[in-house]
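Geometric and topological summary
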Amino acid sequence: MAATVRRQRPRRLACWALMAVLLADLLALSDTLAVMSVDLGSESMKVAIVKPGVPMEIVLNKESRRKTPVTVTLKENERFFGDSAASMAIKNPKATLRYFQHLLGKQENNPHVALYRARFPEHELGFDPQRQTVYFQISPQLQFSPEEVLSMLLNYSRSLAEDFAEQPIKDAVITVPAFFNQAERRAVLQAARMAGLKVLQLINDNTATALSYGVFRRKDINSTAQNIMFYDMGSGSTVCTIVTYQTVKTKDAGMQPQLQIRGVGFDRTLGGLEMELRLREHLAGIFNEQRKGQRAKDVRENPRAMAKLLREANRLKTILSANADHMAQIEGLMDDVDFKAKVTRAEFEELCADLFERVPGPVQQALQSAEMKLDEIEQVILVGGATRVPRVQEVLLKAVGKEELGKNINADEAAAVGAVYQAAALSKAFKVKPFVVRDAVIYPILVEFTREVEEEPGVRSLKHNKRVLFGRMGPYPQRKVITFNRYNHDFDFHINYGDLGFLGPEDLRVFGSQNLTTVKLKGVGESFRKYPDYESKGIKAHFNLDESGVLSLDRVEAVFETLVEDSPEEESTLTKLGNTISSLFGGGTTQDTKENGTDTVQEEEEGPAEGSKAEPGEQAELREEAEAPTEDTSPPPPPEPKGDAAPEGEEAAEKDNGEKPEAQPSEKGEAGAEGVPPAPEEEKKQKPARKQRMVEEIGVELVVLDLPDLRQDELARSAQKLQDLTLRDLEKQEREKAANSLEAFIFETQDKLYQPEYQEVSTEEQREDISGRLRAASTWLEDEGFGATTVMLKEKLTELRKLCQGLFFRVEERRKWPERLSALDNLLNHSSMFLTGARLIPEMDQIFTEVEMTTLEKVINETWAWKNATVAEQAKLPATEKPVLLSKDIEAKMMALDREVQYLLNKAKFAKPRPRPKDKNGTRAEPPLNASASDQGDKVIRPAGQTEDAKPISEPEQETRSEPADSEPLELGGPAAESEQKEQPTGQKPTLKNDEL
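Structure report, in brief. Computed from a predicted structure; not experimentally measured.

This next bit is on helix α11 (residues 361–370). For α11, the complete set of buried residues consists of Pro 362, Val 363, Ala 366, Leu 367, Ser 369 and Ala 370. Projected onto a plane normal to the axis of α11, the buried residues spread over an arc of 165 degrees and lie on a single side. For α11, the secondary structure elements touched by its buried residues are β13 (226–233), β14 (238–250), β15 (254–267) and α12 (390–400).

Before going further, it helps to spend a moment on helix α24 (residues 790–803). Look at α24: 20 Å from first C-alpha to last across 14 residues, which is about the 20 Å you get at 1.5 Å a residue. When α24 is considered as a whole, its buried residues turn out to be Thr 790, Leu 793, Leu 797 and Leu 800. Within α24, the buried residues cover an arc of 100 degrees as seen down the axis, which keeps them to one side. Residues of α24 that are exposed and angled more than 90 degrees away from the buried face: Val 791, Glu 795, Thr 798 and Lys 802. On the buried face of α24, the contacting elements are α21 (712–752) and α23 (764–784).

What follows is about a negative patch on the surface. There is a patch of like negative charges on the surface, built from Glu 743, Glu 782, Asp 783 and Glu 784. With 3 residues, the top contributor of residues to the negative patch is α23. The topology assignment puts Glu 784 in helix α23.

Further remarks concern the packing of aromatic side chains. Geometrically, a pair of aromatic rings is defined through the distance of the ring centres and the angle of the planes. With the rule as written, the count across this model stands at 26 aromatic pairs. Arranged with centres 5.0 Å apart and planes meeting at 15 degrees, the rings of Phe 81 and Tyr 156 form a pair that is stacked. You can see Phe 81 sitting in strand β6 (residues 79–81) and its partner Tyr 156 sitting in helix α4 (residues 146–165), a full 75 residues away along the chain. Given a relative accessible area of 10%, Tyr 156 falls into the buried group. For the ring pair Phe 528 and Phe 560, a centre distance of 5.2 Å and an interplane angle of 85 degrees mean the geometry is edge-to-face. Taken as a pair, Phe 528 in helix α15 (residues 524–530) and Phe 560 in strand β27 (residues 551–565) lie far apart in primary sequence, 32 residues in all. The pair formed by Phe 528 and Phe 560 is uniform in burial state, with each residue classed as buried. One aromatic cluster is present, built from ring pairs that chain together Phe 449, Phe 484, Tyr 487, Phe 491, Phe 493 and Phe 543. The aromatic ring of Phe 470 is capped on one face by Lys 480, whose charged end is 5.0 Å from the ring centroid. For the cation-ring pair, Lys 752 lies above Phe 808, with the distance from its terminal atom to the ring centre recorded as 4.9 Å.

A few words now on the environment of Val 453. Counting through the fold element by element, Val 453 comes out in strand β20 (residues 445–456). In this structure the C-alpha to C-alpha distance between Val 453 and Lys 463, which are 10 residues apart in sequence, comes to 6.6 Å. In contact with Val 453, not counting residues within four places along its chain, are Val 459, Arg 460, Ser 461 and Lys 463.

For the rest of this paragraph, the subject is the pattern of salt bridges. All chains considered together, the criterion is met by 47 salt bridges. The salt bridge partner of Glu 557 is Arg 555, with a shortest N-O separation of 3.3 Å. Accessibility assignment for this pair places Glu 557 and Arg 555 in one class, buried. Connected through salt bridges with shared partners, the residues Glu 535, Lys 537, Glu 561, Lys 691 and Arg 693 form a single ionic network.

This next bit is on the pairing of strand β16 (residues 325–334). For β16 and strand β17 (residues 337–344), the ladder comprises 7 bridges, and the chain directions are antiparallel. When the bridges of β17 are listed, Met 334 appears paired with Val 337. Counted along the chain from β16 to the antiparallel partner β17, the turn is 2 residues long, and its residue Asp 335 has a positive phi close to 55 degrees.

What the 6 strands build is an open sheet, ordered β18-β13-β14-β15-β19-β22; its pairing is mixed. If you trace the sheet from one side to the other, it starts and ends with β18 (379–383) and β22 (475–476), each paired once. Of the pairings in the sheet, the one linking β14 to β15 comprises 13 bridges and is antiparallel in character. Opposite Cys 240, over in β15, you have Gly 265 as the bridge partner.

Each value, and the rule that gives it
- Residues numbered from 1 in each chain as written.
- Predicted model: local features only at pLDDT ≥ 70, side-chain atom pairs only at ≥ 80, totals over all residues.
- Heavy atoms only, no water.
- Buried < 20%, exposed > 50% of the residue type's maximum accessible area, 1.4 Å probe, protein only.
- Helix = DSSP H or I, 4+ residues; strand = E, 2+ residues; numbered from the N terminus.
- Arc of directions from axis to C-beta.
- Contact = heavy atoms within 4.5 Å.
- Expected span 1.5 Å × (residues − 1).
- Patch = residues over 30% accessible without salt bridge, like charges linked within 9 Å, V, L, I, M, F, W, Y side chains within 5 Å.
- Areas by Shrake-Rupley, 256 points an atom, 1.4 Å probe, with all protein chains shown as cover.
- Salt bridge = Lys/Arg side-chain N within 4 Å of Asp/Glu carboxyl O.
- Lys, Arg positive; Asp, Glu negative; His and termini not counted.
- Charge placed at Lys NZ, Arg CZ, Asp CG, Glu CD.
- Phe/Tyr/Trp six-rings, centres within 6.5 Å; stacked < 30°, edge-to-face > 60°.
- Lys NZ or Arg CZ within 6 Å of the ring centre and 35° of its normal.
- Pairing = 2+ DSSP bridges.

Written out as structure tokens, the structure is:
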């Protein structure tokens, strides 16, 4: 028994540990029961949420619209977002910021910055010399970077989602354009960090659209690959994506659908905004022509007028998509002069002729990157608002050579729905059907380094090497390990973009710096001096391209190995101890454990020349944990020559043996010599030494070259500044709410004083006093209310409510009297009828005691007496006095009476009825011994010697009586009676039912 208890203790400990982990997960999920997605477009954004009971719902903003303008208005004392900010664009165009995402991750010399200045000259852009970026100079005191403005908008989107979900939200998936590079993606992540959002993933908007399309067509996806092209023309840019759908076999869930991004093409400036700007320029020219002889100023010099023209151009573009012509009208465009002009679709298409010629460009780029032909594309689906322009559809249809274009997807909301599905999949709070997503790297990334080589004896020269880390259109997320095996001192290497030849000259200028980071390693020589007797396995740099497409250098470490002597007895003891500990928790290292690893590490080594390097697509599935310092007890490999310049093939073999130390013992142990395990003496002879690996962390200094990130102190200051603005907005909203409540109370109460029901319960003097106080408060609010604080407004409202409390109480009580008294009368009547019916139940069937019925009768009589006395007393009081008949007292009496009735009803509901056999053929059934004479309707057989005969009690006549609505009829002779018959003592004659005679 003791041995059994000892064996169970480790299992109990494991169970407790598992319960602790599950409890920790539940506590972590308590704050993340809802997730959101934000589809950040150039012109508008869509927000979606998932919460328990609400699967993938688009959030409505305060104007009950499904999409919100990406617009922010910043003033000295207030901020506006969305539709409110869009309406402020005409009144204050300088303080209203739009299309600011085009400045994310851009330095001041970027062509997009100059383009933004040309499009929106009303905005003053300042220069940040530290980061070489620009910021918005609203006023001498107000200046905000594009990341800070985006952070404000993300915080606003979260407030919309929280109001819609009615709970706090922290986790989010944010969409970004597929062509965003590393600097632009990091800028979005910094903005989200300022807003306090936990970004689960930055998902490309084309990938989110493809995911939304596949999720709702899961049944149509099979093992046959389907190639779909998505053409997304939005307000600011155009992206064409080729996606392959098919089912694949996964390790955990079996066959599941998968989408793979095969090709991507884009145009950063082709979109609806450029069309609107050209229409605005056309309308401005017409207006200037109409006022040519009046010596009027150029309308282009008036920011407000240009803002009005841009809004009219947006409306005009939408209407011309469905009509051949339309009349543009603006009231009071400039100097109180109205504008009116007719614009046809032909004129619009002529203005944008060169833009329409660029429509097929992204299609050709996507086909080239996917290495596919148009014949392999099954369907072309339109996404984005600008694809509704008829001319765009005509040119695209001709370019793809299809019969028709697919319009079977919500062009505005598809990306938001796909992103929120991915958010639910990444969150721990939800379980969704698996859908494998394989995104693609748009811009290749490589590592460059320089090392000394000895081409001739005594002649050393520097050689520049390049190793591709992540190739173009390769899948991500992905981890890579690159090994530098010819350095024994500190050195530097560079992380840069690869071949960007697929970009045009203008796109390359917009792209910015092609150099990402310089990595300076410190401590390499020190690690070699620390392990002089060990063989170097190289300097390993671990890279990670995460789900958001952001590259990071996880760590750099120096790896050393050596062979150490070890006694077989000690090794056997350690092995036994390890096996014992592993068996307590379900076994040690197995093949299944390795298959469940989540990290796939592709390791590359420094080769002797660039031409001999391994191809980027070669995959070596290695667990990241295998890179940690471990000691291997497996037999060592055959002796190999030591040296820094080993052939690459030998290095790969060493890598395979060294990176999977856990797999070697099981493989060799299973193989053995022809399946027969060796003898213990042979094992001792075969294992005289073991391989020992040591890993030393190397110091890393990163020098960011493309766009410096904000320092931690700057990030904290920006976050604090935005938080202060949010608190100021909340205080302002609270003050406005208090002022509105006070003003509404004054007007409503003044109106109530003249209503008959209020005049009935108040005297003329009381009404005059209240009216005078209200007029004084209204005057104070008009004269001094603008400078009053929130506390002062609330105190004034509390004072007025206290003044009118008695009046409102009397009116409210009189409103409740008819309903409450009627309900009390009905309850009293039903209770009395129930009591009468209960007393008529025959004694043989009675289930209520006399005490219970007497108690109910007493409560009924007391309630009747209280009601009659209180109503009579209230009738004597004037209406202007405080009433004695209170609704709360009536409710208390009703609750007391209802409690007594419900007690008896529940007792009748669960009471077991007594059996009542009937005699059909003249033969009586004998009752059980424990039945009394008073309980039987037939003659009872007495014991011998007893002469008293008990006459059968005649069955009372059936009476029809009224019962409360919520009472249930008492069933006699039901299942309870049958169970009593079955439980009779052995040897007794059972009572026969009628159908058993």
